[in-house]
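# Understanding the architecture of this molecule
Listed below, chain by chain, are the residues.
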Amino acid sequence: MLAERYPRDDLARFLLPQDQYHPFPTAKEREAWETLPREVCDAYLQAAEKLLYHEWPSLPATLFMQFRRMGNRSRYEGPHFARRRDLSNLVMAECIENKGRFLDDIINGLWAVCEESFWGVPAHNQSQRFPGSPLPDTAERIIDLFAAETGGLMAWTYYLLSSQLEMEAPVVCDRLRREVSERILEPYLNRDDFWWMGLNESSRRSVNNWCPWCNSNCLTAALVLETDFDRRLAAVAKALRSLDSFLAVYHSDGGCDEGTSYWDRAGGSLFDCLELLHGATAGHIDVYAEPLVANLGRFLYRSYIGGGNWFLNFADGSAKVGISAEMVFRYGQRIGDNNLMALGSAAFHRRTTEEKTLIGAFTLGRKLPAAFNYSQILPASPEPPFVRDVWMDGIEVFAAREQEGSDKGLYLAGKGGHNAESHNHNDVGQFILFCDGRPILIDAGVEQYTAKTFSSRRYELWTMQSAYHNLPTIGGVQQAPGGSFRARDARHECTDDHACLSLDIAGAYPEEAGVKTWQRTLCLQRGSSSAVEVIDDFRLTKAAEVTLSLMTPCEPDVSQPGVIVLPDGRRVTMQYPAEVLTPTVERLELQDPRMVPVWGDHLYRITLTSREAVAEGKWVLRVTAE
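Residues numbered from 1 in each chain as written. Predicted model: local features only at pLDDT ≥ 70, side-chain atom pairs only at ≥ 80, totals over all residues. Heavy atoms only, no water.

### What to know about helix α7 (residues 103-115)
With 13 residues, α7 should reach 18 Å at 1.5 Å per residue; the first-to-last C-alpha distance of 18 Å fits that figure. Within α7 the residues assigned to the buried category are L103, D105, I106, I107, G109, L110, A112, V113 and C114. Where α7 is buried, its residues contact α6 (74-97), α8 (145-168) and α9 (170-190). (Helix = DSSP H or I, 4+ residues; strand = E, 2+ residues; numbered from the N terminus. Expected span 1.5 Å × (residues − 1). Buried < 20%, exposed > 50% of the residue type's maximum accessible area, 1.4 Å probe, protein only. Contact = heavy atoms within 4.5 Å.)

### So, the state of the cysteines
Taken as a whole and assessed by the stated rule, the structure comprises one disulfide. Disulfide pairing places C500 opposite C523 at an S-S distance of 2.0 Å. Of this pair, C500 sits in strand β12 (residues 498-504) while C523 sits in strand β13 (residues 515-525), placing them 23 residues apart in sequence. Free of any disulfide, C211 has its nearest neighbouring cysteine sulfur in C273, separated by 7.6 Å. With relative accessibility at 0%, the residue C211 sits in the buried group. Looking at C218, it has no disulfide partner, and the nearest cysteine sulfur is the one in C214, 6.2 Å off. (Disulfide = S-S within 2.5 Å.)

### A word on the nonpolar core
Counting residues in each nonpolar core, the largest one holds 164 residues, and the members touching the most others are L11, I106, W156, L160, W196 and W599. A per-element tally of this core places α8 first, with 13 residues. Beyond its immediate stretch of four places on either side in the chain, W156 contacts Y21, P23, F24, T220, V224, L276, L364, G365 and L368. With 48 residues, the next largest nonpolar core counts L433, L441, L548 and W619 among its residues. (Core = buried A, V, L, I, M, F, W, Y, C linked by side-chain atoms within 4.5 Å.)

### Considering helix α5 (residues 61-70)
Burial in α5 covers these residues: L63, F64, M65, Q66 and F67. Contacts made by the buried residues of α5 are with α6. G71 sits one or two residues past α5 and shows a positive phi near 80°.

### Points about the sheet that holds strand β19 (residues 602-610)
Within the open sheet, the four strands sit side by side as β9-β15-β19-β18. Their pairing is antiparallel. The sheet is open, and its two edges are formed by β9 (472-474) and β18 (581-589), each paired on a single side. Going from strand to strand, the sheet's axes swing by 25° on average, the running direction of each strand aside. (Pairing = 2+ DSSP bridges. Axes fitted to C-alpha atoms, helices over the stretch in contact; angles between N-to-C directions.)

### Re the sheet that holds strand β17 (residues 570-575)
Pairing within the open sheet is antiparallel, and its seven strands lie in the order β11-β12-β13-β14-β20-β17-β16. Two strands in the sheet have a free side with no partner beyond their single neighbour: β11 (488-494) and β16 (563-568). Neighbour to neighbour, the strand axes of the sheet diverge by 10° on average, direction disregarded. Inspection of the sheet shows β16 paired to β17 by six bridges, in the antiparallel sense. Note on β17: the bridge partner recorded for I564 is M574.

### Some words on the side chain of T609
With respect to the helices and strands, T609 occurs in strand β19. Judged by its relative accessible area of 18%, T609 falls in the buried class. Contact partners of T609, with chain neighbours within four places excluded, come to E545, V546, T547, V580, L581 and T582.

So this is what it looks like as C-alpha cells:
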C-alpha cells in the first residue's frame, strides 16, 4: 500500500529536509508553550519538582541478569521505565517553564541513559555472538521496542532543548546524536533481519505491534536528527516497506488479534507513523481514506463494552484498557469517524489531569500532541459510543448488545479464529458476557509477563489454557496451540430481534479428544424477553466425560439444581440441564499485579461436568437478568 504508492523518487521530491521539519514548537518558541492550558503546565511542573536533584535509579548488570537467571522481567524494567518517564516529564516541565531549573536533572538523566549498555530490556536481549547471554553484547546494536522508544525520547529531547543544552554543555548534544546514530539509525538503515521489520519471507507473516511501534521511534530519530538527506530518505522508504508488512497481516476488518490493550501499540503506533510521515512530507503521504487504515481505528470502539473502560480482551489483552485518549481522538478526526472521536473524548473526560497529560507515560512523542491538543479535546462530548452489532469476519470476532447507544442490558461477545494468533490463548469458541456494563462471564486475561510467557512452556500457564476459558474439556483433553487448530464454518446472523455466531470448534482440539463435530452457537435474544443462549451440539468418536468451564468474578450460587445465580448489580441467572450436568465451584486466589487491578484478589471457575460419559449431546445454557 505505502511503498508502491510512494516510490523513492516521489519521496525525494516532497520529503522535507531536516532543518525544515517542525512538528512542534521548540522550547525557545515561547508563545506556544506559554499559552498551554494552566492545568497542563501545573501538572508537569508539579511532577518535575518532585524530581529536582533526582537520584536516577541504578541499573546494575546483576539486575539485568535476573531475567536469564530467574525469569523475572519486572525488577529491571521498573527502574528502566522510570528513568524514561522521569526524563520525559522533566523535559516537558523545562519547555513549559524555560528557566533552566530542570536542566541539570535532564543532563543527569540523559547521561545516565547514554551510559546504559543496552537501551532495551533483558527479555529482548538477543546476541548472535553469545546466544542466551544474560548480558547484552555491546558490539551488536539490537533495536527492540524499548531501544527504539529510547531513541525517540532522545531525539525529541534534542529537538526541544538543543539550544539550552548547547549552552550548558555542548558535549551532551554531541553524545546524544552519536548514541542515537550508533544504536538506532545505523542498525535501522543497514539491517533488514530484525524480525519486526517484516522484510524477509520468514518474518513477514509474523509481524505484530512491534513493527509500527519500533518504526514510529526509528522514524522519529531519522526525521529529527538525520541531516543527510539521502539517509533520511532511505529511512522513510524503509519504514514504508516495513509498515506494508504490518498492514499485510491484517484482514480487511482491521481486527487486532493480539487483544484490545495491544491496539495502542498496533493500530495506535501505525497512526503515530502515519502522522510522522504526513508531517514530514507536508501532507503528501496521506492514506487515511484507505478502508483498512480506517478499520484499524474502528476496531477500538467495536471492542468497547462500557462501564467506563471495559473492552473485549481475547488473547493477552486486559479487560480494562486505559486508551491513549488524545491519540484516539485525533485518529477519529483523520478518518472522519465520530464514534472513534467520541471514544477518545469519553476516555479523556474520565481521567485526572495527570492522566490526561500522560504524566505517567514515557513516550514523549505522545505527550507533545496531548499537551498542544488539550484545548481542542476539552469541549468534545464526554459520551462514548455503544455500537449494537459487530462482526469482524477476518479475525472471527462477534459482539452484540441489547440496544445501540447504551451499555444497559446484556452484552455478548465471542470468537472463532485459530490458536496461533499473536499473543495467543487456546480459546477458539470463547465467549464473554456482561450485564449493564459489568462483567459476568469473562476472559481472565494474562498475568505479568515472565520468561515463561514467551517460551515453549507458555501453555503451562493457566491463563493460556482452554480449561480456564469458557470452553469444553473433552475426556480431560484441552485445545491445542497452533495454526491448524481452528474454528470451521463460522456464520454470523444479525437482526433487530437477535444476533448469533455459530461455528464448529472441533478442529481446535487434538485427535486424542475424539471430537467429530462441536457446533457452538452464541446467541443474544433482544426485546422484552432478552436472554443469552450458549448451545453446544456435539458428536464424539467415543463416550467421554465432558466438562464446560465458566470463568466469573461473581460469587456463584449453585444451590438450586439447574440454576446458577451470578449476582452483580442485577440478579443474573444461568439455567443449565441439571439432568446431565453437575456444577462445582472453584475459587481462584489472585496475587498477580497485572490481574488484581482488574478483578480484585479472586475469581471463580464454575465447571459443569457430565454425570456420565457421553458420545453426543445438545446442551443449552440460558442466561437472563432480572
